[in-house]
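Tertiary structure, described
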Amino acid sequence: MALSFRPSFSPSIRSLTRFSHFPSSSTLSLSHLTTVVPQLQLFGLAAPKQLKRETKRTLVGTTRTQATSATQENVLEWVKNDNRRMLHVVYRVGDLDRTIKFYTECLGMKLLRKRDIPEERYTNAFLGYGPEDSHFVIELTYNYGVDKYDIGTGFGHFGIAVEDVAKTVDLIKAKGGKVTREPGPVKGGKTVIAFIEDPDGYKFELLERGPTPEPLCQVMLRVGDLERSIRFYEKAFGMELLRKRDNPEYKYTIAMMGYGPEDKSAVLELTYNYNVTEYDKGNAYAQIAIGTDDVYKTAEAVKLCGGKITREPGPLPGISTKITACLDPDGWKTVFVDNVDFLKELE
């Protein structure tokens, strides 16, 4: 004998139309919404209009979230493949000619170019160990009438690779330079280093290495949360964590970030001192400039990673060079420069 089934309209089924077994509309989940409507139809009931609206609204919202997530992934993937290079580091000095003399005579740099902007009341000088289109260089800024700056406690030092640290230190001493750490092995390691100061008080670490295509090899900045900074520079800037070293005896940890190996390219050295979360940045150190193929996408990636854009992407007034400027989680400034425009500017 064939069995026939009739839907039983028990109170538990009828209660579906009164939402007695489901969350309020403000808390309905996608799984609730997508299963309730078919269940009602199965029993020959029409889904309430409110439930239909909630279902449609939730599905649309979910689609938008998925699209946004896909866009974020595309942007961050683009960052990894962008053509990036550290171009120059910018900071302020009180006597431009004095600093140029020290860098060329004591540190072996070359004056690459100099430009005066009288209407803005400042002068720039670019120094380094090779042409700007292929080397990381220093951009010194002299503001008319300002002879002293506060370096603060956040900036650490610049790194220069030399073949003989002791010989370089002797030369610096002979020229009247200040040596703050005599040549010797680094604490906890074997690399021979020394520390000196330029006339404005900026520290330089001399690292003993063999011949290298990038002698100006480091910029060290202190940060308050190392893991947060590593994530930011990896995702927003597309840098690679080259190495990380903890020194519990001296209560600090360093992370080397960059776009290539330390012995062949300039890198960013992030330093975390145990339990120190904030630093005084002073007004002397300015920023690092990094080349990019697209300043607009770069700004988008920085925003997605929680960075702050301080200058929206676009051309600089009076010239066609496109840039965007941003701050990292600790407030350190970076300027991204369009690669093609940068080369045109050098011409």
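These numbers come from a predicted model, not from an experiment. (Residues numbered from 1 in each chain as written. Predicted model: local features only at pLDDT ≥ 70, side-chain atom pairs only at ≥ 80, totals over all residues. Heavy atoms only, no water.)

This brings us to the overall build of the protein. When helices and strands are tallied, the protein shows 8 helices and 16 strands. Within the span of the protein, comprising 347 residues, buried residues form 44% of the whole. Considering only contacts within the protein whose residues lie at least 6 apart along the sequence, 61% involve residues at least 24 apart. A total of about 18300 Å² of accessible surface is found on the protein, and carbon and sulfur atoms cover 52% of it. (Helix = DSSP H or I, 4+ residues; strand = E, 2+ residues; numbered from the N terminus. Buried < 20%, exposed > 50% of the residue type's maximum accessible area, 1.4 Å probe, protein only. Contact = heavy atoms within 4.5 Å. Areas by Shrake-Rupley, 256 points an atom, 1.4 Å probe, with all protein chains shown as cover.)

A few words on unusual backbone geometry. Although it is not a glycine, Arg121 sits at a positive phi angle of roughly 60°. Turning to its location among the elements, Arg121 is positioned in the loop between β2 (110-117) and β3 (122-128). Residue Lys251 is not a glycine yet carries a positive backbone phi of 60°. Looking at the element boundaries, Lys251 is found in the loop between β10 (240-247) and β11 (252-258).

Here we take up a negative patch on the surface. Judged by side-chain charge, Glu163, Asp164, Asp170 and Glu208 come together as a negatively charged surface patch. One can find Asp170 in helix α5 (residues 165-174). Owing to a relative accessible area of 51%, Asp170 belongs among the exposed residues under this scheme. (Patch = residues over 30% accessible without salt bridge, like charges linked within 9 Å, V, L, I, M, F, W, Y side chains within 5 Å. Salt bridge = Lys/Arg side-chain N within 4 Å of Asp/Glu carboxyl O. Lys, Arg positive; Asp, Glu negative; His and termini not counted. Charge placed at Lys NZ, Arg CZ, Asp CG, Glu CD.)

Taken in spatial order, the 8 strands make up an open sheet running β2-β3-β4-β1-β13-β16-β15-β14, and their pairing is mixed. With partners counted over all chains shown, the strands left at the sheet margins are β2 and β14 (308-315), one partner each. Here the average twist between neighbouring strands, direction ignored, is 20°. The pairing of strand β13 (residues 285-292) with strand β16 (residues 333-338) spans 5 bridges and is classified as parallel. Bridging from a neighbouring strand, Gly291 pairs with Val337 of β16. (Pairing = 2+ DSSP bridges. Axes fitted to C-alpha atoms, helices over the stretch in contact; angles between N-to-C directions.)

A separate point is the environment of Ser265. The residue Ser265 is located in the loop between β11 and β12 (267-273) in this model. We classify Ser265 as buried; its relative accessible area is 17%. For the pair Ser265 and His135, spaced 130 residues apart in sequence, the C-alpha separation works out to 8.4 Å. A polar contact is formed between the side chain of Ser265 and the backbone oxygen of Gly260, at a distance of 3.1 Å. Among the polar contacts made by the side chain of Ser265, one reaches the main-chain carbonyl oxygen of Pro261 at a distance of 2.9 Å. (Polar contact = N/O pair within 3.5 Å; in protein donor to acceptor, adjacent residues only side chain to side chain.)

Read from one edge to the other, the open sheet built from 8 strands follows the order β6-β7-β8-β5-β9-β12-β11-β10, with strand pairing classed as mixed. Edge strands, defined here as strands with exactly one partner in the open sheet, are β6 (178-185) and β10. Ignoring strand direction, the axes of neighbouring strands in this sheet form an average angle of 20°. Here β10 runs beside β11; their pairing, made up of 7 bridges, is antiparallel. Bridging across to β11, Asn247 finds its partner in Tyr252. Where helix α6 (residues 226-235) meets the sheet, its contacts fall on β10, β11 and β12, and the angle it forms with β11 comes to roughly 0°.

Moving on to the UniProt feature "active site" (unreviewed entry) in the protein. The sites that UniProt annotates as "active site" (unreviewed entry) are Glu205. Within the fold, Glu205 resides in strand β8 (residues 203-208). The class for Glu205 is buried, based on a relative accessible area of 8%. Leave out the neighbours within four places in its chain, and Glu205 touches His157, Phe158, Gly159, Ile160, Ile193, Ala194, Phe195, Gln218 and Glu269. (UniProt positions renumbered as here; feature names shortened; annotations may be inferred.)

All right, on to helix α8 (residues 339-346) then. Buried within α8 we find Asn339, Asp341 and Phe342. The buried residues of α8 occupy one face: seen down the axis, they fall within an arc of 160°. What points out from α8, more than 90 degrees from its buried face, is the exposed set Val340 and Lys344. Elements that come into contact with the buried residues of α8 comprise β1 (85-92), β13, β15 (322-327) and β16. (Arc of directions from axis to C-beta.)

Turning to the environment of Lys235, a few remarks are in order. Relative to the elements of secondary structure, Lys235 occurs in helix α6. A C-alpha to C-alpha distance of 7.9 Å links Lys235 and Ala301, two positions 66 residues apart in sequence. Beyond its immediate sequence surroundings of up to four residues, Lys235 is in contact with Leu76, Val79 and Cys305.

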